[in-house]
Amino acid sequence: MDPSIRTTGPDNAHPREGRLAHRIRTRRRRLAAGVVVAMVAGLLGLGAVHSAEAATVGAGSYADTLPAGRSLPTGCGSLSTNPRQWVTANAPAGAVPTNDWWSSILFKKTDCAYGEPLHAHPISYDTFGNGLGFSYNTTPQISGTATGVGEYHYPYVENIRVGVAGLSSPDVKVDGWSDWTVTPYWSGGGRTMKATIGHGLPFAYFQITGGDAQITAAGTPSVWSNSGATIGFTAGGRDYVAYAPTGATWSVSGTTISSSLAGKGFFSVAALPAGGDRVALANTYGQYAHAHVTGTQVSYSYTPSNSTLTTTYAFTTTARQGSATGTVIALYPHQWNYLTGSTPLAQTYVSARGQMKIVTGTQFRTSMKYTGVLPEVPAVADNSGADLTTITNHLNAELGNPMDIRGDDTYWTGKGLGRAARIAEIADQLNLTSVRTAALNAIRSRLNDWFTASPGKTTRVFYYNPAWGTLLGYPASYGSDLELNDHHFHYGYYIAAAATLAKFDPNWAKTSQYGGMVDLLIRDANNYDRNDTRFPYLRDFDIYAGHDWAAGHGSFGSGNNQESSSEGMNFANALIQWGQATGNTAVRDAGIYIYTTQNAAIQEYWFDVRDQNFPAAFGHSTVGMVWGSGAAYATWFSAEPEMIQGINMLPVTGGHFYLGDNPGYVTTNYNELVRNNGGPPTVWQDIIWEFLALGNGDTALANLRANSGFTPEEGESRAHTFHWIRNLAALGNVDNSVTANHPLAKVFSKNGARTYVASNITGSAITVTFSNGTTLNVPAGKTVTSGALTWSGGNASGGSTGPDPTPTPTPTPTPTPTVGPFTATRYLQSGGGLPGTAGTAGTVTLAAANGNRDGTPTNAQVFTATGLTGTYNGGSTTFDLFVDAGTTVANGTQIRVSYDLTGNGSWDRVETYAYFATDPVTGWEHYTQGAGPQSASGALGNLSGGQVKVEVWSAIGNGTTALGVGNQSLVRLPFS
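Residues numbered from 1 in each chain as written. Predicted model: local features only at pLDDT ≥ 70, side-chain atom pairs only at ≥ 80, totals over all residues. Heavy atoms only, no water.

**Let's talk about the sheet that holds strand S13 (residues 213-217)**
Step number 1: In spatial order, the strands read S3-S4-S5-S8-S13-S18-S17; together these seven strands make up an open sheet with antiparallel pairing. In this open sheet, the two strands that pair with only one neighbour each are strand S3 (118-119) and strand S17 (251-253).
Step number 2: As paired elements, S3 and strand S4 (residues 124-128) share two bridges and run antiparallel to each other. Pairing of His119 across the sheet is with Ser124, part of S4. (Pairing = 2+ DSSP bridges. Helix = DSSP H or I, 4+ residues; strand = E, 2+ residues; numbered from the N terminus.)

**Points about the sheet that holds strand S40 (residues 791-793)**
Step number 1: With antiparallel pairing, the five strands of this open sheet are ordered in space as S34-S35-S36-S39-S40. The strands lining the two open edges of the sheet, one partner per strand, are strand S34 (733-734) and S40.
Step number 2: Pairing between strand S39 (residues 783-787) and S40: three bridges, direction antiparallel. If you follow Thr783 over to S40, its bridge partner there is Gly793.

**What to know about empty space enclosed by the protein**
Step number 1: Within this structure, the stated rule accounts for eight cavities of 30 Å³ or more.
Step number 2: Looking at the largest cavity, its volume works out to about 280 Å³.
Step number 3: Those elements that provide at least two residues to the lining of the largest cavity are helix H7 (410-429), helix H9 (487-504) and helix H11 (565-582).
Step number 4: Its residues assigned to classes, the lining of the largest cavity comprises 11 nonpolar, 11 polar and seven charged. (1 Å grid on protein atoms, 1.4 Å probe; cavity = no way out; pocket = protein on both sides within 12 Å on 5 of 7 lines; lining within 4 Å. Points joined across faces, edges and corners; volume = space filled by probe spheres on them. Nonpolar A, V, L, I, M, F, W, Y, C, P; charged D, E, K, R; others polar.)

**A few points about the nonpolar core**
As a rule of thumb, nonpolar side chains are buried together in soluble globular proteins.
Step number 1: In this structure, Phe134 and Trp578 are the most contacted members of the largest nonpolar core, which totals 225 residues.
Step number 2: With 11 residues, H9 is the single largest residue contributor to this core.
Step number 3: Core analysis: the second largest hydrophobic core is formed by 29 residues, Leu828, Leu846, Phe863 and Leu943 among them. (Core = buried A, V, L, I, M, F, W, Y, C linked by side-chain atoms within 4.5 Å. Buried < 20%, exposed > 50% of the residue type's maximum accessible area, 1.4 Å probe, protein only.)

**Remarks on the environment of Thr181**
Step number 1: Along the polypeptide, Thr181 turns up in strand S10 (residues 181-188).
Step number 2: Dropping the residues within four chain positions of it, Thr181 is found in contact with Trp101, Trp102, Thr196, Ile197, Gly198, Leu201, Val293 and Thr296.
Step number 3: A polar side-chain atom of Thr181 sits 2.5 Å from a polar atom in the side chain of Ser178. (Contact = heavy atoms within 4.5 Å. Polar contact = N/O pair within 3.5 Å; in protein donor to acceptor, adjacent residues only side chain to side chain.)

**Concerning the packing of H11 against helix H12 (residues 585-605)**
Step number 1: As a packed pair, H11 and H12 sit with axes 7 Å apart at the nearest point and diverge in direction by 155 degrees. In terms of orientation, H11 lies roughly antiparallel with respect to H12. Like other packed secondary-structure pairs, H11 and H12 cross with a definite hand, here left-handed. In contact with Ser565, Gly568, Met569, Ala572, Asn573, Leu575, Ile576, Trp578, Gly579 and Gln580 of H11, H12 contributes Val587, Arg588, Ala590, Gly591, Ile592, Ile594, Tyr595, Gln598, Asn599 and Ile602.
Step number 2: Residues belonging to the contact of H11 with H12 are distributed by class as follows: 11 nonpolar, eight polar and one charged. (Axes fitted to C-alpha atoms, helices over the stretch in contact; angles between N-to-C directions. Parallel < 35°, antiparallel > 145°, perpendicular 65-115°, else oblique. Left-handed = near helix turned anticlockwise from the far one by under 90°.)

**A short note on unusual backbone geometry**
What is expected of a backbone is that most residues other than glycine have negative phi and most peptide bonds are trans.
Step number 1: Here the bond from His121 into Pro122 is cis, since omega is 5 degrees, no more than 30 degrees from zero.
Step number 2: Tracing the sequence through the fold places Pro122 in the loop between S3 and S4.
Step number 3: Here Tyr474 and Pro475 are connected by a cis peptide whose omega angle stands at 0 degrees.
Step number 4: When you line up the elements, Pro475 lands in the loop between strand S28 (470-474) and H9.
Step number 5: Here Lys108, not a glycine, exhibits a phi torsion of approximately 50 degrees, which is positive.
Step number 6: Structurally, Lys108 can be placed in the loop between helix H3 (104-107) and S3.
Step number 7: For Leu538, which is not a glycine, the phi torsion comes out positive at approximately 45 degrees.
Step number 8: Secondary-structure assignment places Leu538 in the loop between helix H10 (511-526) and strand S29 (541-542).

**Regarding the pattern of salt bridges**
Step number 1: Summed over the entire model, instances satisfying the criterion amount to 30 salt bridges.
Step number 2: When the shortest N-O distance is used, the salt bridge between Arg422 and Glu376 registers 2.8 Å. Here the residue Arg422 occupies a position in helix H7, and Glu376 occupies one in the loop between strand S26 (363-369) and helix H6 (385-396), the gap between them amounting to 46 residues.
Step number 3: Judged by its relative accessible area of 11%, Arg422 is buried.
Step number 4: For Arg534, the salt bridge is made with Asp532, and the minimal N-O distance between the two is 2.9 Å.
Step number 5: Where salt bridges share partners, they join Asp408, Arg446, Asp449, Lys457 and Arg460 into one cluster. (Salt bridge = Lys/Arg side-chain N within 4 Å of Asp/Glu carboxyl O.)

Quick look at the structure:
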């Protein structure tokens, strides 16, 4: 299957492998990459080059001359040696960006003149010799089935083309770029044109010379407003407005709209969203039409005290006319769901990522909670008895080959390093020092080899290419050299393993030793330092889209793509762990920024946990790949459901607890896999069970125990699979309602009882404070838990030099569970029950408000639980209600939770929350405590035969709303 829908250009290239390599093999990761590279080199006629020379970085080094027989990025013509031939003299100095939404017009992998469609959202663009094409496509193209391979796209369908009369440019160059904009440049026939376009910009801004501005419509345009310098028209079923300088006019002849621009040489064109008064909206947009966006820049700040990531997206504008500042900005769901300080307009855009909301101004800001990572899940359950025997046997079996490398290229080396790092972390928790030492020695030896270059060395070596501004590892794999693919995937494993090694051998991690080489890998994949021009800023991370892109060239009709979002998160987690281990807060905070932002994007665009972004007819609850124009339930390498879904789960590490942020969705995802597979998983079973453990640890553990003969995934070990699942079965689900002031901390909850976890990889004791006031004292080099399960383990200190001759497991004391009888999670049931177990999915109807009922329950659905006894844990009420108002406009749902602590009929605590304004789009939305409290009276205390009442009603609106019950809507009570 070809996962891309093309409208122009040649057949799609495989993003992880050169196109020739794609023809050579049909399954990813099954043929040694070195063989593929050799075959590709032979087919392309790549000859030998000079032997490598070494540039030292502390105790390490990299080649500064291309190693013999190795390949460079390859585009059209001489692009492999001169990528700047496609930029103008105005373009920024330093390394050129790759792996972006607009990379095809710079890399020119498949089209030697213009590039491929650019999916900026809400507009898609394409470049041609006579101008810039626009497509605002709101109709998805869906193929495949709801139980098999399928995909959806909003393909480029041209509405208009904007240019200069008589323009005939032989190619398109790049005149400049900023964090999420690009400025293509045309020159030919005595005409020139610059166009600035970008993510989230309904406007495109133009500067021209040599002729009249010209807009050619797809068919005869329907003009609905023409008042001097502004013309509003419909083309291809979409509304557009063109804004010329004061004194200019627009004329229409057939399919062409043109203007002399009063000789001033600038104008702008905007696509309007549907709905409302388009003339009034055109006037609103017109306030910003001549404040051309000339720069964009992100800034972020992590505040440990409240575990908050604040991100500011700033726009620089230049007034071509007047003195206006600011612009019109369309926000993706992962942005507007966390928006602070701005109020969106009423209209919205349709996009491949879901609804885009509109704000105006010079910036907007989001606020997200960073929810923490760990080096590894703590050994609260496998540190004694039969389970300790099981894990010890698994770990001892790895003494001779902890890495189990399946190939010598950058990707497979990384997978092996990741495997060994997990083994080292687990062995350290359980005091199996010989296993830990063997794993650390394997990591150190392999990294030292890769981090050392010498004349003539061609294997296990990194080479810096200044023309492309990249550090290439050889043997390369999946196009990491020819196409600059996947550097974050590959190098994330190296950095994560280095972080584990740094905890036990801090001297190795010093910049004067091998830490400098680790930093180069970080900078290559996602350079966190704007002042370092050796590498592009955040190469693989699309700042505005909120996630990575895998293809260096992005040359597909469907734009760029990314398959394994979880390997992208492995890179972000590696930065957090490395930054924490080495005391480099700049790296740590960059990791937290990427991790937190991308987590929000994954939940929206790979998982669609709110059930709002995938087209209704698509039929899947998850995708394997995200494209610029859509997404696909598919992979590059397999049509098996386990791999389509599992590729966004692996590798499973202490940085992947985000996969369990929504335990209900874990079940949804797993159930789809079973349905599409025609039964439980038969391949990658360990990965799937480890994912399932984040939603239902007991079931995952039962599956593991019943299927002990499974074949491990290539980067997994039996030791890690058992350790992960066994301990999550004891800990329960992640509890993100409580965060910590330390980056290596998590909270878990089972049956309403919390376990607090923190890991200290420094040489001094620390105290970690959680957001509900709980504190945890963590000795140097230890991971500690408290609450429901209390445990301490780990001995991260000093360096290991060789394996101990005899394994000497020393188990820590058996944890003493203190799980109380109280069930905190309560499910709303049809009939008014509020039990602690889920029922059968169903719906109840909330009557229309037919007036303003804000704060006053009216015709409410009431759910009650009685006879409750529990200890107040100091927390607060949380809830997650599934609501859907269908296509009804202006409905709002509200909840009130009341506590009668002793069951005497008197409500001791009453909490009313702000109502949730539902959207007029069919599909479940989530109303949570995040809407904020409206009022509260009384105080909470212990329950003794008490009762809880939940009332849900329509606060505003004239239509009914469906409320999901049974196994959907729930309330979590702050008791244990």
